[in-house]
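Examining the three-dimensional arrangement
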Amino acid sequence: MKQDNTRTAQLTLEGNVYTLPIVEGTMGEKAIDISTLLKETGYITLDTGYKNTGSCTSTITYLDGKQGILRYRGYDIEDLANNCSFVEVCYLLLHGELPDEEQLRSFKSLIERFALIHEDMIHFFDHFPSHASPMSILSVMVNSLCNYYPEMSNDPMEDFDITSTRIISKIRTIAAFSYKKSMGHPLVYPRNDLSYCGNFLNMMFDKSVRPYVVLPEVVAALNKLLILHGDHEQNCSTSTVRLVGSAGVNLYASIAAGINALWGPLHGGANEAVLEMLETIYADDSNFQKYINKAKDRNDPFRLSGFGHRVYKTYDPRGKIIKKACDEIMNVLDVSDPLLDIAYSLEEIALKDEYFIERNLFPNVDFYSGIIYRALGIPTNMFTVMFALGRVPGWIAQWKEMREDPATRIGRPRQIFIGETAREFVPLHNR
Ligand code: ACO
């Protein structure tokens with residue numbers, strides 16, 4: 001970060017002029033540094049929903065919402081999605097550079113080493129009701145890992161490589177086991193002869209009565225989806241991970257908090273909501289216009305799931321890649337899905353509609369991802385879990401960056417109190 005001493009911002013408050021520094025990022029993003037504002041002026045800033053607030057500086061992900069650019073550590077998302085394995089991208093996010101062959105080999109072997117979860121933890125799955133949400137199971141299990149693998153309690157950074165790889169590896173096993181348990185099927189243990197994605201698919205779908213054939217095209221589609229979800233700078237779940245981590249809590253607990261934030265239908269839960277919405281429209285004679293009208297009606301809480309984004313005011317670059325991948329996988333698997341036709345039609349109508357045009361509402365990453373997951377055989381209630389598997393390296397990289405930044409303090413926003421002023425206490429018998 002550069003401080004531009006030639007340019008400053010002037011703030012006039014009650015007749016006094018205050019000079020505030022301007023800082024600039026490497027891509028020319030500018031910010032007014034208000035960190036001394038309260039001390040100097042007695043004022044805070046008010047920014048509900050943090051639409052306008054930079055909470056940190058970061059070197060991990062760059063996104064430009066107007067031009068639809070997304071880069072991890074300087075690499076364009078399309079290049080990474082088309083040329084890398086998810087494990088390579090995990091390494092890039094965590095370490096800042098793409099691995100060379102030796103680095104990749106040793107990173108992979110760490111991931112393979114940690115693929116199992118402690119047998120005692122497997123009993124946890126037996127005590128959730130069969131209809132339990134896989135997201136709640138995921139966060140509970142990841143949180144519990146700190147009891148079984150507690151290295152990070154002394155010096156978190158010393159064990160960082162081990163703990164981070166452990167989470168990336170075990171979260172995949174936990175996700176697959178939760179699915180098997182929900183189906184009442186025996187668990188399928190990890191196999192290190194398979195790739196990260198192939199191993200996950202095998203744990204999900206292999207059955208002793210019908211062995212699963214890991215198709216390279218299916219692995220490639222999943223690999224792409226996970227890469228596209230790898231990181232997305234200071235979104236709700238990532239900010240949660242940083243905020244929780246800033247209190248000094250361990251990495252497992254911080255990631256579990258991120259999983260909980262991701263669960264929400266306005267965030268990662270949108271991929272599940274999109275599928276449910278498309279199913280509802282299908283069951284309603286594919287009456288798209290009815291749902292477009294509902295989305296536009298201010299008195300109706302219905303929103304077009306998978307549309308709109310806090311930062312992107314153009315087509316989400318991830319959405320574009322996923323839409324193409326969706327067509328490809330449908331062709332490869334030779335399946336057709338009426339929900340895909342509904343999604344195309346909804347998109348076409350919405351993009352021509354004044355309401356969506358005026359508000360810059362475009363399909364986001366979640367609009368087509370569910371259709372691919374469905375084609376791969378992943379059940380709807382696991383969609384957000386898939387998002388979490390992809391996002392975990394980003395959360396970990398952001399947590400590490402936060403911990404290593406000397407400027408980090410415990411996250412503690414302020415407020416403007418608008419409640420009752422001081423009141424006289426009234427004893428219970430007089431109220
Ligand atoms: N359908 C209909 N109207 C919408 C939609 C939508 N999907 N999204 C935004 N709008 C409208 C709002 O009603 C508002 O209209 P108004 O100005 O007339 O009041 C305007 O567009 C701006 O919306 P906000 O809610 O202020 O925008 P915000 O940046 O706070 O919200 C969000 C972004 C949460 C993603 C929103 O677009 C939304 O709810 N989308 C649907 C859920 C979704 O797809 N979430 C996934 C996001 S991607 C991710 O998290 C991985």
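Residues numbered from 1 in each chain as written. Predicted model: local features only at pLDDT ≥ 70, side-chain atom pairs only at ≥ 80, totals over all residues. Heavy atoms only, no water.

All right, on to helix H14 (residues 317-333) then. With 17 residues, H14 extends 25 Å from end C-alpha to end C-alpha; this agrees with the ideal 24 Å at 1.5 Å per step. Pro-317, Arg-318, Gly-319, Ile-321, Ile-322, Ala-325, Cys-326, Ile-329 and Met-330 are the residues of H14 that are buried. One or two residues past the end of H14 sits Asp-334, with phi positive at roughly 55°. (Helix = DSSP H or I, 4+ residues; strand = E, 2+ residues; numbered from the N terminus. Expected span 1.5 Å × (residues − 1). Buried < 20%, exposed > 50% of the residue type's maximum accessible area, 1.4 Å probe, protein only.)

What the domain assignment lists for the chain is domain 1 (2-64) and domain 2 (78-410). The gap between the C-alpha centroids of domain 1 and domain 2 is 33 Å. Domain 1 puts twelve residues into the contact, and the matching count from domain 2 is 13 residues. Here domain 1 meets domain 2 over a buried area of about 1,000 Å², counting both sides, of which 55% is carbon and sulfur. Of all residues in domain 1, the largest losses of buried area upon contact with domain 2 belong to Ile-60, Thr-61 and Leu-63, amounting jointly to 55% of the total for that side. Linking domain 1 to domain 2 there are zero salt bridges. On the surface where domain 1 and domain 2 come into contact, there are four residue pairs in polar contact (both at pLDDT 80 or more). Of the residues contributing to the side of domain 1 that touches domain 2, the split by class is four nonpolar, six polar and two charged. (Domains from an automatic or database assignment. Contact = heavy atoms within 4.5 Å. Buried area = accessible area lost by both parts, 1.4 Å probe. Salt bridge = Lys/Arg side-chain N within 4 Å of Asp/Glu carboxyl O. Polar contact = N/O pair within 3.5 Å; in protein donor to acceptor, adjacent residues only side chain to side chain. Nonpolar A, V, L, I, M, F, W, Y, C, P; charged D, E, K, R; others polar.)

So, on to the nonpolar core. Membership of the largest hydrophobic core comes to 112 residues, with the highest contact counts inside it found for Ile-255, Leu-278 and Leu-304. Of all the elements, helix H18 (residues 383-404) adds the most residues to this core, at twelve residues. Residue contacts for Ile-255: discarding those within four places in its chain leaves Val-142, Ile-167, Val-241, Val-392, Trp-395 and Ile-396. (Core = buried A, V, L, I, M, F, W, Y, C linked by side-chain atoms within 4.5 Å.)

Moving on, we come to the packing of helix H12 (residues 270-283) against helix H17 (residues 366-376). In contact at an axis separation of 8 Å, H12 and H17 are set at 80° when each is read in the N-to-C sense. In terms of their interaxial angle, H12 and H17 are classed as roughly perpendicular. Residues Ala-270, Asn-271, Val-274, Leu-275, Met-277, Leu-278 and Glu-279 of H12 lie in contact with H17, whose contacting residues are Asp-366, Phe-367, Ser-369, Gly-370, Ile-371, Tyr-373 and Arg-374. Taken together, the residues of the contact of H12 with H17 break down into eight nonpolar, three polar and three charged. (Axes fitted to C-alpha atoms, helices over the stretch in contact; angles between N-to-C directions. Parallel < 35°, antiparallel > 145°, perpendicular 65-115°, else oblique.)

Surrounding the ligand, one finds 21 residues, the nearest of these being Arg-298, Arg-303, Leu-304, Arg-310 and Tyr-355. Contacts to the ligand include His-267, whose side-chain N or O atom sits 2.9 Å from an oxygen atom. For the ligand, an oxygen atom lies 2.8 Å from a polar atom in the side chain of Arg-310. Protein chains shield 78% of the accessible area of the ligand, which is 920 Å² for the free molecule. In terms of residue class, the shell around the ligand is built from ten nonpolar, five polar and six charged. (Near = heavy atom within 4 Å. Areas by Shrake-Rupley, 256 points an atom, 1.4 Å probe, with all protein chains shown as cover.)

Attention now goes to the pairing of strand E4 (residues 61-64). Side chains of E4 alternate between two faces, with Thr-61 and Leu-63 and Tyr-62 and Asp-64 buried alike. Where E4 folds back onto strand E5 (residues 69-72) in an antiparallel hairpin, the turn is made up of four residues, including Gly-68, whose phi is positive at roughly 70°. (Pairing = 2+ DSSP bridges.)

Judged by side-chain charge, Lys-51, Arg-303, Arg-310 and Lys-313 come together as a positively charged surface patch. Inspection of the secondary structure assignment puts Lys-51 in the loop between helix H1 (37-41) and E4. (Patch = residues over 30% accessible without salt bridge, like charges linked within 9 Å, V, L, I, M, F, W, Y side chains within 5 Å. Lys, Arg positive; Asp, Glu negative; His and termini not counted. Charge placed at Lys NZ, Arg CZ, Asp CG, Glu CD.)

Turning our eyes to something else, we now look at the sheet that holds strand E6 (residues 75-76). Pairing is antiparallel in the open sheet, where three strands are placed in the order E4-E5-E6. At either margin of the open sheet sits one strand with a lone partner, and together these are E4 and E6. In this sheet, E5 lies alongside E4 in antiparallel orientation, the contact comprising four bridges. Counted as the bridge partner of Tyr-62 is Arg-71 from E5.

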